[in-house]
Amino acid sequence: MTLIDVKNHAHPHKNFNAIVVRQTRFKAQKIGRHYTDSTLMSHFLTALSITFPEGERFFVETVRNVRAQIEDAQLQKDISGFIGQESHHARAHEQFNQNVQDSHYHLKKFEQVFAKEMIRLRTLSHRRQLAATVALEHFTALIAGYMLKYPDFMFKGLSENMTNLWLWHAMEEIEHKHVAFDVYQQVFSNLAQRRRSMRTITIGFLTSTAVMTAHLVWQDRQHSLYRPQELLKNIQVMGGFGLMMLRLLPEYLAFYRADFHPSQIDQNDLLKKVKKTWLSTAY
C-alpha cells in the first residue's frame, strides 16, 4: 500500500472499481479452532469474526439513516453495493462463528457484550453513528490490505475454504472502503467529529480485539501456551503483529488529516492481484 496525493475530491468515489455483490465460496461446516499454522493467528482471526455480524449490520444502518440526503447518483449506486456486500459478510461470519465453537471453546460471552455495545451506539446521533462507521471502515480496509499484501503471514496453513472466506471479505472491504466516508462528507463533513470518533474507536477496537484474542488463547491454553512448539510460533506471530502495526501506522495517521480521503491509500494493485490469482475462477 502506498499513500498518494489526491488533489480533487469532488467525486472521489469515481476513482474506485465497481462494487460487485458476490456470493461467497466459503462453505459453512464444522471448523476446528486451529485453522492456521499458528494457534494465535487462528484466535486473532476468530476474535475479528466475533464482531462482524453485529458490526456490519450496524454499518449498514448508519448509512441507511442518512441515505435519503444523498443526491449523487453514483454514490447512491455505491451505497447499494456497500449494503449488499456488508450483508453477505455478516451472514458468512455468523455461520463461521456458529461452526468454530463448541462446549470448550465458545464466543457467546463476547457476542453478547458486543451486541450490548451496538445497542449503546444506536442511541447516539446519526452523525456520531456514521462517524464511528467511517473510523471502523478505515481499520477494516487497512487490515484487509495487509491480508492481501502479506498472505503468508496472515493465512499460513489456511484451508482453501477458509481462504475463500477471508480473501473474499478483504477484497470487498477494499472495494467499498470509500462509501461510508463519502456519505459522511456529503451529509455532515464534520472534521472534529471524524477525528474524535477515530480516537475513541482506536482505543476500543485495539483493546477489545486484544482482550478477545487473549481470552480465546486462554480457553485454548493447553495447545496455545503449554506446548513449546506452538508457543514459539505464537511468539513469532506476536512479533509479526508488532511489525504490522508499524507498517500500517502512516496510513492510520493519514485519517486525521483535513484533506484525507480513502483513495489516497492506493490498494488497487492488491485488489487486481487477488481478483486475478485467487478469485477469478469463481467470478
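Now for a look at the structure at hand.

## Brief notes about helix 4 (residues 126-149)
Then, in step 1: A rise of 1.5 Å per residue sets the reference length of helix 4, with its 24 residues, at 34 Å; its end C-alpha atoms lie 34 Å apart and thus fit the reference within 8%.
Then, in step 2: Within helix 4, 20 of the 24 residues are buried, which leaves the element mostly enclosed by the surrounding structure.

## Considerations on helix 10 (residues 228-254)
Then, in step 1: With 27 residues, helix 10 should reach 39 Å at 1.5 Å per residue; the first-to-last C-alpha distance of 40 Å fits that figure.
Then, in step 2: Along helix 10, the helix axis deviates most sharply at Leu248, where the bend reaches about 45°; the proline Pro250 sits within four residues downstream.

## Focus on the nonpolar core
Then, in step 1: Tyr35, Leu45, Met147, Met154, Met162, Trp166 and Val183 are the most contacted members of the largest nonpolar core, which totals 80 residues.
Then, in step 2: The element best represented in this core is helix 4, accounting for 13 residues.
Then, in step 3: If sequence neighbours within four positions are ignored, Tyr35 has contacts with Ser42, Leu45, Thr46, Phe96, Val100, Gly157, Leu158, Ser159, Met162 and Trp166.

## Focus on the packing of helix 4 against helix 7 (residues 179-187)
Then, in step 1: As a packed pair, helix 4 and helix 7 sit with axes 9 Å apart at the nearest point and diverge in direction by 145°. Taken as a pair, helix 4 and helix 7 cross one another with a handedness that is left-handed. On helix 7, the residues that touch Arg127, Leu130, Ala131, Thr133, Val134 and Glu137 of helix 4 are Ala180, Phe181, Val183 and Tyr184.
Then, in step 2: Partitioned by chemical class, the residues of the contact of helix 4 with helix 7 number seven nonpolar, one polar and two charged.

## Examining empty space enclosed by the protein
Then, in step 1: This structure, assessed with the given rule, holds one cavity of 30 Å³ or more.
Then, in step 2: Considering only enclosed or pocket space, the largest cavity measures out at about 80 Å³ in volume.
Then, in step 3: Lining the largest cavity, in full, are Val134, Glu137, His138, Ala141, Leu142, Lys177, Phe181, Phe255, Phe260, Pro262, Ile265 and Gln267.
Then, in step 4: Of the residues forming the lining of the largest cavity, the biggest block, five residues, is contributed by helix 4.
Then, in step 5: Tallied by class, residues from the lining of the largest cavity come to eight nonpolar, two polar and two charged.

## Quick notes on the environment of Asn161
Then, in step 1: If you trace the backbone, Asn161 turns up in helix 6 (residues 160-175).
Then, in step 2: Accessibility expressed as a relative area gives 14% for Asn161, which makes it buried.
Then, in step 3: The spatial distance from the C-alpha of Asn161 to the C-alpha of Ala28 is 8.9 Å, given a sequence separation of 133 residues.
Then, in step 4: Apart from residues lying up to four places away in sequence, Asn161 is in contact with Arg25, Phe26, Lys27 and Gln29.

## A word on the packing of helix 1 (residues 39-64) against helix 10
Then, in step 1: The interhelical angle for the contact between helix 1 and helix 10, taken along N-to-C directions, is 55°, at an axis separation of 7 Å. Between helix 1 and helix 10, the interaxial angle falls into the category oblique. Where helix 1 abuts helix 10, its residues Thr39, Leu40, Met41 and Phe44 lie against Glu230, Asn234, Val237, Met238 and Phe241.
Then, in step 2: Of the residues in the contact of helix 1 with helix 10, the class split is six nonpolar, two polar and one charged.

Rules used in this analysis
Residues numbered from 1 in each chain as written. Predicted model: local features only at pLDDT ≥ 70, side-chain atom pairs only at ≥ 80, totals over all residues. Heavy atoms only, no water. Helix = DSSP H or I, 4+ residues; strand = E, 2+ residues; numbered from the N terminus. Expected span 1.5 Å × (residues − 1). Buried < 20%, exposed > 50% of the residue type's maximum accessible area, 1.4 Å probe, protein only. Bend = angle between axes of the 7 residues up to and from the residue. Core = buried A, V, L, I, M, F, W, Y, C linked by side-chain atoms within 4.5 Å. Contact = heavy atoms within 4.5 Å. Axes fitted to C-alpha atoms, helices over the stretch in contact; angles between N-to-C directions. Left-handed = near helix turned anticlockwise from the far one by under 90°. Nonpolar A, V, L, I, M, F, W, Y, C, P; charged D, E, K, R; others polar. 1 Å grid on protein atoms, 1.4 Å probe; cavity = no way out; pocket = protein on both sides within 12 Å on 5 of 7 lines; lining within 4 Å. Points joined across faces, edges and corners; volume = space filled by probe spheres on them. Parallel < 35°, antiparallel > 145°, perpendicular 65-115°, else oblique.

Just distances and angles here, no functional claims.
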